[in-house]
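Listed below are the residues making up each chain.
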Amino acid sequence: YRQRIAVLTGLLLLGLASLLLVDPIPQDPAYHQFADTRPWFGVHNFLDVVSNLGFAVVGLFGLVTLTRKPSLFHNPDDARPYLVFFAGVTLISLGSAFYHWAPSDATLLWDRFPMSVAFMALAAAIVADRIHRRAGNGWLLVLLVSLGIGSLLYWHITESLGRGDLRFYAFVQFYPVVMLPVIIWLFADNRYTAGRYIVWVFVWYGLSKLLEHYDAAVFNLLGETVSGHTLKHLAAAASALVVLRMLQTSARRQGPGR
């Protein structure tokens, strides 16, 4: 156990050291230029705005399910990071809709806040399930969420000073994608976080990033009916839905006597 923890600690320190060797990453102004800017019903960028309803539906459905069916969890404390996760997913719908209504660095901050909360809460949930329950459900959850928010505050402050730096937010967003498979490999025992579901979480999330990157290409390919970024929102919401499906399947597999 100690050797496996040492491996994770070493990888974390290596990631942080590598981050410090990278030059500051400013926000690219071109990021705000989306392929589908059509206004409908007086709403600018209509489809990029309303497609965030997917986050609201999944997030609220997750919160209602977790609060109405506490039997999904062996211990009530185990629900904590998932409640934070689905709360974050719900708030993404508001922050992202606000951003896409009027894309700018200022509104982008509110888009990224709930995303960082959701990323960090899911990471804490996996740690709680596979490494240390009390840490993942307690101090580590608070620490990770705080670090996620702190990375955005750092970007916002540096942006206001004219030297915007996204390095730490990029670390918060992408480092878990690298580390969580390592955790799943090193710590195989689990109650909730079955590996096949985590794979599908990553598949849908990876698809969302591809759709985001090829926003205009997808828009042109589909005859300018729907853009890659609009579909990105739906794919990311599907990724969150897999998390809920994972918990429901886990409860059925373990049965009432778990």
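Basis of the calculations
- The numbers attached to residues start from 1 for each chain and follow its sequence in the written order.
- Thresholds applied to this predicted model are a pLDDT of at least 70 for local features of residues and 80 or more for the giving and counting of side-chain atom pairs; totals over whole chains, interfaces and linings are not thresholded and use all residues.
- With hydrogens and water stripped out, all remaining heavy atoms of the structure feed into the side-chain values.
- Runs of H or I in DSSP of at least four residues are treated as helices and runs of E of at least two as strands, each being numbered from the N terminus.
- Here the globule rule is a power law, 2.2 Å times the number of residues to the power 0.38, and the radius of gyration is based on C-alpha atoms.
- Each residue gets one of three labels from its accessible area relative to the maximum for its type: buried under 20%, exposed over 50%, partly exposed in between, using a 1.4 Å probe on protein chains only.
- It only takes one pair of heavy atoms within 4.5 Å for two residues to be counted as in contact.
- Working definition of accessibility: Shrake-Rupley area with a 1.4 Å probe, residue cover restricted to the visible protein chains.
- Think of it this way: Lys and Arg go in the positive column, Asp and Glu in the negative one, and His and the chain ends go nowhere.
- In plain terms, the charge of a residue is placed at NZ if it is Lys, CZ if Arg, CG if Asp and CD if Glu.
- Any carboxyl oxygen of Asp or Glu within 4 Å of a side-chain nitrogen of Lys or Arg constitutes a salt bridge here.
- When two rings of Phe, Tyr or Trp (its six-membered ring) have centres within 6.5 Å they constitute a pair, described as stacked for plane angles under 30 degrees, edge-to-face for angles over 60, and tilted for the intermediate range.
- Should the NZ of a Lys or the CZ of an Arg lie within 6 Å of a ring centre and within 35 degrees of the ring normal, that charge is described as sitting over the ring.
- Put simply, buried Ala, Val, Leu, Ile, Met, Phe, Trp, Tyr and Cys residues joined by side-chain atoms within 4.5 Å make one nonpolar core.
- Axis angles are defined between N-to-C directions and span 0 to 180 degrees, where every axis is a line fitted to C-alpha atoms and, for a helix, only to the segment in contact.
- Any angle that is under 35 degrees is reported as roughly parallel, and any over 145 degrees as roughly antiparallel; angles of 65 to 115 degrees are reported as roughly perpendicular and all others as oblique.
- A crossing counts as left-handed when the near helix is turned anticlockwise from the far one by less than a right angle, and as right-handed when that turn is clockwise.
- Expected span, for any helix, means 1.5 Å times one less than how many residues it has.
- What the arc covers is the set of directions going from the helix axis to the C-beta atoms.

Caption draft 1: Structural view of the overall build of the chain. A tally of regular secondary structure across the chain gives 11 helices and 0 strands. Listing each helix as α and each strand as β along the chain from the N terminus yields α-α-α-α-α-α-α-α-α-α-α. Relative to the 2.2 N^0.38 estimate, which gives 18 Å for 258 residues, the radius of gyration of the chain is 19 Å and therefore close to what a compact globule would have. Counting only C-alpha atoms, the chain reaches 55 × 40 × 30 Å along its principal axes. In the chain, which comprises 258 residues, the share counted as buried stands at 49%. When contacts within the chain are restricted to residue pairs at least 6 apart in sequence, those whose partners lie at least 24 apart make up 76%. As displayed, the chain offers around 13000 Å² of accessible surface, 70% of which is attributable to carbon and sulfur atoms. The centroid of the 20 positive side-chain charges in the chain is displaced by 16 Å from the centroid of its 15 negative side-chain charges.

Caption draft 2: Main features of the pattern of salt bridges. Evaluation of the coordinates by the stated rule reveals 6 salt bridges. Salt-bridge contacts for Asp 165 lead to Arg 167; the nearest nitrogen and oxygen are separated by 2.8 Å. For the pair Asp 165 and Arg 167, a shared accessibility class is recorded, and that class is buried. As a salt-bridge pair, Lys 232 and Glu 212 come within 3.5 Å of each other at their nearest N and O atoms. Of the two residues, Lys 232 sits in helix α11 (residues 228-254) while Glu 212 sits in helix α9 (residues 195-213), which places them 20 residues apart along the sequence. Summarising the burial analysis for this pair, Lys 232 and Glu 212 share the class buried.

Caption draft 3: The packing of aromatic side chains, seen in detail. For the structure shown, the criterion picks out 14 aromatic pairs. Over the face of the ring belonging to Trp 155 we find Arg 112, whose NZ or CZ atom lies 5.1 Å from the ring centre.

Caption draft 4: How the structure looks around the nonpolar core. Counting 61 residues, the largest nonpolar core has Leu 66, Phe 73, Tyr 82, Phe 85, Ile 183 and Val 243 as its most contacted members. Here this core gets 14 residues from one element, more than from any other, and that element is helix α5 (residues 105-130). Core analysis: the next-biggest nonpolar cluster, separate from the first, contains 5 residues, Phe 46, Leu 47, Val 49 and Ala 97 among them.

Caption draft 5: Layout of the packing of helix α4 (residues 80-101) against α5. Between α4 and α5, the least distance of the axes is 8 Å, while the angle of their chain directions is 160°. On the basis of their axis angle, the class for α4 and α5 is roughly antiparallel. The chirality of how α4 crosses α5 is left-handed. In this structure, α4 contributes Pro 81, Tyr 82, Val 84, Phe 85, Gly 88, Val 89, Leu 91, Ile 92, Gly 95, Ser 96, Phe 98 and Tyr 99 to the contact, and α5 contributes Thr 107, Leu 108, Trp 110, Asp 111, Pro 114, Met 115, Val 117, Ala 118, Ala 121, Leu 122 and Ala 125.

Caption draft 6: Seen up close, the environment of His 44. One can find His 44 in the loop between α1 (2-21) and α2 (46-50). The exposure class of His 44 is partly exposed, given its relative accessible area of 46%. Between the C-alpha atom of His 44 and that of Phe 61, which follows or precedes it by 17 residues, the distance is 28 Å. In contact with His 44, not counting residues within four places along its chain, are Arg 38, Pro 39, Val 49, His 100 and Trp 101.

Caption draft 7: Representation of α9 within the structure. Compared with an ideal rise of 1.5 Å per residue, which puts 19 residues at 27 Å, α9 spans 27 Å between its outermost C-alpha atoms and is within 8% of the ideal. For α9, the set of buried residues is Tyr 197, Ile 198, Val 201, Tyr 205, Ser 208, Leu 211 and Glu 212. Seen end-on, α9 carries its buried residues on one side only, within an arc spanning 150°. Residues of α9 that are exposed and point over 90 degrees away from its buried face: Arg 196 and His 213.

All quantities given are derived from atomic positions and should not be read as evidence of function.
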